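Now for the letters of each chain:
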Amino acid sequence: PTAAVTEINGKRMILLTSSFGASVKQKANQYRAKSILQSNKDGIVAEEIDGANPVHRELRSKLFEISGIQGQYPQLFIKDSKFGDFTYVGGIDALESYHACGTLKSVFEDATSSTQENLPSASNMSPPKTTPSSSSDRGLDQEAEKDNASGTGDDDSFPFIHVAIAFLGVAVGLGAWMSRRH
């Protein structure tokens, strides 16, 4: 039996995936995203949208436009059912960062508040984008992405440190586990 999709204040998480023509890396990333969302301790269940399904072609195109990333899976969004808006949360890197830091639930809860400006951003991720967006807004988003990718984004430096520390902790734990196996 499939668990019911989590909906809080009319908002739900959407996981955009593809069942067709994915590379090994993309398939692994999709599997990892599904595993994270199925096993998260907060019980948040995302709605999965198969971007390869012709029925979802229009929605897939809309989500690609919102994220600014075409043909890469998985992508995570939050949908406001009341207004039909989508907020881009991130890809597999952002999802893994939120999961490692234990902030996945707060990302979802922050999006269910009255404003979406307070969504935490993962390392090297631009602020979440919502629909509808104008072409002038895209210019600002692209500039922010350049700053974040080069590590000069002042707003994201603090969360980046927390994410880096979390990944370091995971790496050290994995190293210790591997050394015990041999």
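This write-up is about the structure you can find in this document. (Residues numbered from 1 in each chain as written. Predicted model: local features only at pLDDT ≥ 70, side-chain atom pairs only at ≥ 80, totals over all residues. Heavy atoms only, no water.)

### Structural notes on helix H4 (residues 104–111)
Part 1 of the reasoning: Looking at H4, one finds that the buried residues are Leu104, Val107, Phe108 and Ala111. On an axial view of H4, the arc spanned by its buried residues comes to 95 degrees, and they lie on one face.
Part 2 of the reasoning: Looking at the buried positions of H4, the neighbouring elements they touch are strand S1 (7–8), strand S2 (11–17), helix H1 (24–39), strand S4 (75–80), strand S5 (85–90) and helix H3 (92–101). (Buried < 20%, exposed > 50% of the residue type's maximum accessible area, 1.4 Å probe, protein only. Helix = DSSP H or I, 4+ residues; strand = E, 2+ residues; numbered from the N terminus. Arc of directions from axis to C-beta. Contact = heavy atoms within 4.5 Å.)

### Side note on the side chain of Thr6
Part 1 of the reasoning: Relative to the elements of secondary structure, Thr6 occurs in the segment before S1.
Part 2 of the reasoning: Classification of Thr6 by relative accessible area gives buried; the value is 16%.
Part 3 of the reasoning: Here the side chain of Thr6 touches Gly43 through a polar contact of 3.2 Å, landing on its backbone oxygen.
Part 4 of the reasoning: Dropping the residues within four chain positions of it, Thr6 is found in contact with Lys11, Arg12, Met13, Gly43, Ile44, Val45 and Phe108. (Polar contact = N/O pair within 3.5 Å; in protein donor to acceptor, adjacent residues only side chain to side chain.)

### Quick word on the packing of aromatic side chains
Part 1 of the reasoning: If you walk through the whole model with that rule in mind, you get 2 aromatic pairs.
Part 2 of the reasoning: Seen from their ring centres, Phe64 and Tyr73 are 5.8 Å apart, and the 55 degrees between their planes marks the pair as tilted.
Part 3 of the reasoning: Judged by its relative accessible area of 10%, Phe64 falls in the buried class.
Part 4 of the reasoning: For the ring pair Phe77 and Tyr88, a centre distance of 5.4 Å and an interplane angle of 55 degrees mean the geometry is tilted. In this pair, Phe77 sits in strand S4 while Tyr88 sits in strand S5, placing the two residues 11 residues apart along the sequence. (Phe/Tyr/Trp six-rings, centres within 6.5 Å; stacked < 30°, edge-to-face > 60°.)

### Points about the pattern of salt bridges
Part 1 of the reasoning: Evaluated as defined, the whole model comprises 5 salt bridges.
Part 2 of the reasoning: Glu96 is the partner of Arg32 in a salt bridge, and the nearest nitrogen-oxygen pair spans 3.1 Å. In this pair, Arg32 sits in helix H1 while Glu96 sits in helix H3, placing the two residues 64 residues apart along the sequence.
Part 3 of the reasoning: Using a relative accessible area of 36% as the deciding quantity, one classes Arg32 as partly exposed.
Part 4 of the reasoning: The class for Glu96 is partly exposed, based on a relative accessible area of 22%.
Part 5 of the reasoning: Residues participating in the shared-partner salt-bridge network are Glu7, Arg12 and Glu47. (Salt bridge = Lys/Arg side-chain N within 4 Å of Asp/Glu carboxyl O.)

### Re unusual backbone geometry
Part 1 of the reasoning: Following Tyr73, the chain continues into Pro74 via a peptide bond in cis, with omega recorded as 0 degrees.
Part 2 of the reasoning: Positionally, Pro74 belongs in the loop between helix H2 (57–67) and S4.
Part 3 of the reasoning: In this structure, Asn9 is a non-glycine residue whose phi angle is positive, near 50 degrees.

### Here's the deal with the nonpolar core
When a protein is soluble and globular, its nonpolar side chains tend to lie buried together.
Part 1 of the reasoning: Membership of the largest hydrophobic core comes to 18 residues, with the highest contact counts inside it found for Met13, Leu37, Leu76, Ile78 and Leu95.
Part 2 of the reasoning: Leave out the neighbours within four places in its chain, and Ile78 touches Lys11, Arg12, Met13, Asp85, Phe86, Thr87, Val89, Val107, Phe108 and Ala111.
Part 3 of the reasoning: Counting 10 residues, the second-largest nonpolar core is a separate cluster that includes Phe64, Phe77, Phe86 and Tyr88. (Core = buried A, V, L, I, M, F, W, Y, C linked by side-chain atoms within 4.5 Å.)

### So, the pairing of S4
Part 1 of the reasoning: Extensive coverage of S4 is indicated by the burial of 5 of its 6 residues.
Part 2 of the reasoning: The pairing of S2 with S4 spans 6 bridges and is classified as antiparallel. Counterpart to Leu15 in the pairing with S4 is Leu76.
Part 3 of the reasoning: Across 5 bridges, the pairing between S4 and S5 is antiparallel. Looking at the pairing, Ile78 lines up with Thr87 of S5.
Part 4 of the reasoning: If you look at the hairpin formed by S4 and S5, you'll find 4 residues sitting between the two strands, and Gly84 has a positive phi there, around 80 degrees. (Pairing = 2+ DSSP bridges.)

### So, the pairing of strand S3 (residues 47–50)
Part 1 of the reasoning: Two elements, S2 and S3, share 4 bridges in a ladder whose sense is parallel. In the sheet register, Leu15 faces S3, and the bridge partner there is Glu48.

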